[in-house]
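Inside the fold
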Amino acid sequence: MLALNKVRFQQGDFVLSADFLVPTGARVAVIGPSGGGKSTFLNGIAGFIAADAGKVLWDGEVMPDHPGRRPLSILFQDNNLFPHLSVMDNVAVGISPDMRLSQAQREKVSAALDQVGLADKSATYPRDLSGGQLGRVGLARVLLRQRPLLLLDEPFSALGPALKDEMLDVLRGILDATATTALMVTHDPKDALAFANQAILVADRCATAPQPIQQLFKAPPPALRAYLGSRT
Amino acid sequence: MADSTIAIILRIILGGAVLAALLVFSIGTAVAVATQGQGLGILSVADWLAIRFTLWQACISAGLSVGIAIPVARALARQSFIGRQGLITLLGAPFILPVIVGVLGLLAVFGRAGWISDFLTWAGFARLSIYGPPGVILAHVFFNLPLATRFLLQGWAAVPAERFRVVHSLAASPWAYFRLIEWPLLRTVLPGAFLLIFLLCLTSFAVALAVGGGPKGTTIELAIYQAFRLDFDLSKAASLAVVQFSLCGGVAVLAFLVPLPQTDGLGLDRLPQRFDAYGHRTADCIWIFCATAFLVMPLSAILFRGVGHIHNLPHQVIVASLTSLLIALTSTIVCIAMALSLALTFACRGIAARNLAEGVGILGLATSPLVVGTGLFLMIFPFAQPMIFAVPITASVNAMMALPFALRVLMPAVREIYTDYLHLRCSLNMTQWVWLSRIVLPRLRRPLGFAAGLAVALSMGDLGVIALFSDPDLQTLPLMLYRLMGAYRMDQAAGVAVVLVAQSLVLFWIFDRGGRGYVGSK
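Residues numbered from 1 in each chain as written. Chains lettered and ligands numbered in written order. Predicted model: local features only at pLDDT ≥ 70, side-chain atom pairs only at ≥ 80, totals over all residues. Heavy atoms only, no water.

What about the overall build of chain A?
Secondary structure summary: chain A contains eight helices and 11 strands in total. Taken over the C-alpha trace, chain A has a radius of gyration of 18 Å; the compact-globule value for 232 residues is 17 Å, and the two agree within 12%. When the backbone C-alpha atoms are referred to their principal axes, chain A occupies close to 50 × 40 × 30 Å. Among the 232 residues that make up chain A, the fraction classed as buried is 53%. When contacts within chain A are restricted to residue pairs at least 6 apart in sequence, long-range pairs at least 24 apart make up 69% of them. Of the roughly 10200 Å² of accessible surface on chain A, 49% is carried by carbon and sulfur atoms. Averaged over its 23 positive side-chain charges, chain A has a centre that lies 3 Å from the centre of its 22 negative ones. (Helix = DSSP H or I, 4+ residues; strand = E, 2+ residues; numbered from the N terminus. Rg over C-alpha atoms; globule rule 2.2 N^0.38 Å. Buried < 20%, exposed > 50% of the residue type's maximum accessible area, 1.4 Å probe, protein only. Contact = heavy atoms within 4.5 Å. Areas by Shrake-Rupley, 256 points an atom, 1.4 Å probe, with all protein chains shown as cover. Lys, Arg positive; Asp, Glu negative; His and termini not counted. Charge placed at Lys NZ, Arg CZ, Asp CG, Glu CD.)

A closer look at the overall build of chain B
Helix and strand counts for chain B come out as 21 helices and zero strands. Its C-alpha radius of gyration of 24 Å places chain B within 12% of the 24 Å reference for a compact globule of 522 residues. Taken along its principal axes, the extent of the C-alpha atoms in chain B is 70 × 65 × 50 Å. Taking all 522 residues of chain B together, the buried fraction comes to 55%. Counting only contacts in chain B whose residues sit at least 6 apart along the sequence, the fraction spanning at least 24 positions is 83%.

Concerning the nonpolar core
As a rule of thumb, soluble globular proteins bury nonpolar side chains together. If you look at the biggest cluster of nonpolar residues, it comprises 213 residues, and the most contacted ones within it are A:Phe41, A:Leu183, B:Leu481 and B:Met485. For this core, the leading source of residues is helix α17 (residues 390–428) of chain B, giving 19 residues. Beyond its immediate sequence surroundings of up to four residues, B:Leu481 is in contact with B:Ile100, B:Val101, B:Leu104, B:Ala493, B:Val496, B:Ala497 and B:Leu500. A:Met88, A:Phe195, A:Ile213 and A:Leu228 belong to the second-largest nonpolar core, a separate cluster that totals 43 residues. (Core = buried A, V, L, I, M, F, W, Y, C linked by side-chain atoms within 4.5 Å.)

As for helix α13 (residues 281–306) of chain B
Residues and elements named next belong to chain B. In this model, α13 (26 residues) spans 36 Å end to end at C-alpha, consistent with the 38 Å of a helix rising 1.5 Å per residue. At Val296, α13 shows its largest bend, some 30°, and a proline, Pro298, comes one to four positions later. Among the residues making up α13, those that are buried are Asp284, Ile288, Ala291, Phe294, Leu295, Pro298, Ala301, Ile302 and Gly306. Of the surrounding secondary structure, the elements contacted by the buried residues of α13 are α2 (45–78), α3 (84–90), α5 (99–110), α6 (115–122), α7 (133–157) and α21 (490–516). (Expected span 1.5 Å × (residues − 1). Bend = angle between axes of the 7 residues up to and from the residue.)

Observations concerning empty space enclosed by the protein
It is a probe the size of a water molecule, rolled over the atoms, that shows where empty space is left. As enumerated under the stated definition, the model contains 12 cavities of 30 Å³ or more in all. Taken as a whole, the largest cavity encloses approximately 60 Å³ of empty space. Lining the largest cavity are A:Ser73, A:Ile74, A:Leu75, A:Arg141, A:Val142, A:Arg145, B:Val166, B:Ser169 and B:Leu170. Broken down by secondary-structure element, the contributors of at least two residues to the lining of the largest cavity are β6 (72–75) and α4 (131–145) of chain A together with α8 (161–169) of chain B. Across the lining of the largest cavity, the residue classes tally to five nonpolar, two polar and two charged. (1 Å grid on protein atoms, 1.4 Å probe; cavity = no way out; pocket = protein on both sides within 12 Å on 5 of 7 lines; lining within 4 Å. Points joined across faces, edges and corners; volume = space filled by probe spheres on them. Nonpolar A, V, L, I, M, F, W, Y, C, P; charged D, E, K, R; others polar.)

Remarks on the interface of chain B and chain A
Taken residue by residue, the interface counts 20 residues in chain B and 24 residues in chain A. Summed over both sides, the interface of chain B with chain A buries roughly 2000 Å², with 60% coming from carbon and sulfur. Three residues, B:Arg163, B:Arg165 and B:Leu170, lead the burial of chain B against chain A; their summed loss comes to 28% of the area buried on that side. Summed over the shared surface of chain B and chain A, the number is eight residue pairs in polar contact (both at pLDDT 80 or more). Counting residues per element, the ones that place at least two in the side of chain B that touches chain A are α8 and α9 (174–203) of chain B. Among the elements that line the side of chain B that touches chain A, the one with the most residues is α8(B), at seven residues. Classifying every residue of the side of chain B that touches chain A by side-chain character gives 11 nonpolar, four polar and five charged. (Buried area = accessible area lost by both parts, 1.4 Å probe. Polar contact = N/O pair within 3.5 Å; in protein donor to acceptor, adjacent residues only side chain to side chain.)

Encoded structure:
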């Protein structure tokens, strides 16, 4: 379980506060107006921004300061992959950043690539992949890392509708198999509804506790209503 | 397109004329020296040593500049501290600093009578002497370390912020960090940076003139100068010039294959947020401190020493200053006119234009002022006394030397205007005149100001052809400074250095500032 215990994240003049729990296995959409602090929120949980008050806990323990020691994986919209590494190595850095793999680890990497449907691309370089395939490589890395928490910062926003649905399917498959808790920042209400069962609203310098997403969209609070406009 | 046929033809004639002039200056002078040269047979052992030393010092200087720049740029990229932006701006200063002033400053710190020698004698050691190879290399590193550092900083700035985050979320070891982030960056930037600096060290003349010399420390450029001025052996000068031209040509061909880094160095103000800053603070601070001291100490030494001697400078300083001003302004006008014609003619011609700009840039960098000077001398000699033309020749060679940099600034700006506004121009049916005077030139004001600032400062500080062509009555500020150094009047030399730096900076500032005045631009 992810616990945000009276946390404050500060980035320049911008301050964001949060105080709530996210149950294990939840699929949460993080929504709100742009500039409202969605990315600050995610970067804070990931450890890229240190909390200047309060604590971020996982299963009752304070998360380590270093982002790499936190029990989580993170996927961004772009630049998740290293252009000078093969697909195989790009996935392998998920468990061994030095890329020195044992035989068992090598097999795990292949299995992860297999699972996202890229078994035949392991020697390819990112420049030769399509947008959808790039996304799959990122997901294979997430799969391999087996961290209990997954943070997604608009990972599929640049993809077309069909491709986006496809990626969401792959993602759902991974989450179903592993009981991972997932937080996904998105600016598209449709994506939020398709992916999540709960939603965290980030607006006015405050992240609110997760609520059932259907309910939230049916009776949006003023900040959300302003953001959604007439599209409810 | 809204251009009339006449306008298009005019533009092509203009651009073609500039190109032709460039070719006469670079290739034409080379042909002139080639026909006058008497082959490699007349080169003495000393000349062959000079050729070897030239290549060797260029290699060592480029290697040291690039090698030291790696930790310095890394430190600057990941640490944030007060004055960081100022320091990065300062890294651009050696580019417009007159070479001879830099050398004088280095002598004041590292020379026989310099600060470090004073300290060493106090501590009971012998004094340093940097004349010869160590001085040449030291000066080349002084001028090129900042350049290499800026190239690498640009490389760091081009790494997407997400990539640092991915690496940190993977808990990467220092080795993994190097492989994932730093190695690809170095692999992209280093070959071009090394080659560019190698080329600059190959064609540098003022450094060799001031601290080089002797059997172990003579470069080809210096040997040309000596054959020309001391022995008046024109055929030997020509043969050496052929060697120099071939070497530079060879490197230029290599440079065409390896992408050279951009030399304008703008836009370094934003760097990605770094999470590894803390662990390396001590080492980074040491690197930043040492590099800053190395750059700042020579300049402060000159200021310190020179300011007190401005009032008792020989009165010739006024004439020299006016001569420098005349040459610099003429060369700036010529340089900007050439750059603007080339940019307007070729900016909207796609890939050909980019190759052309690149080609002119490399040609300008690979052309040695002394080869051009020797060639022009040989071309004029049968008809007139070449020394009469010292001022116009110096101004035009300086213009050509500054052209690559002006073109690097102007070409992208012109291309941007064409891509952004050409459709609008066509749909509004603007005439050529309105388009140029109301749209292109006002929008170009800022890059034009900056390019003119670079050209004027480079020409002010130049000590190349003028040394070849001048008689005792004609001197520019850099030449006067060199002559005072030669006469061991170091206090007065420092005074002239202060005047020279002040004049260069004020001119640069006026042009650059003038470019920023337009209300409509950001």
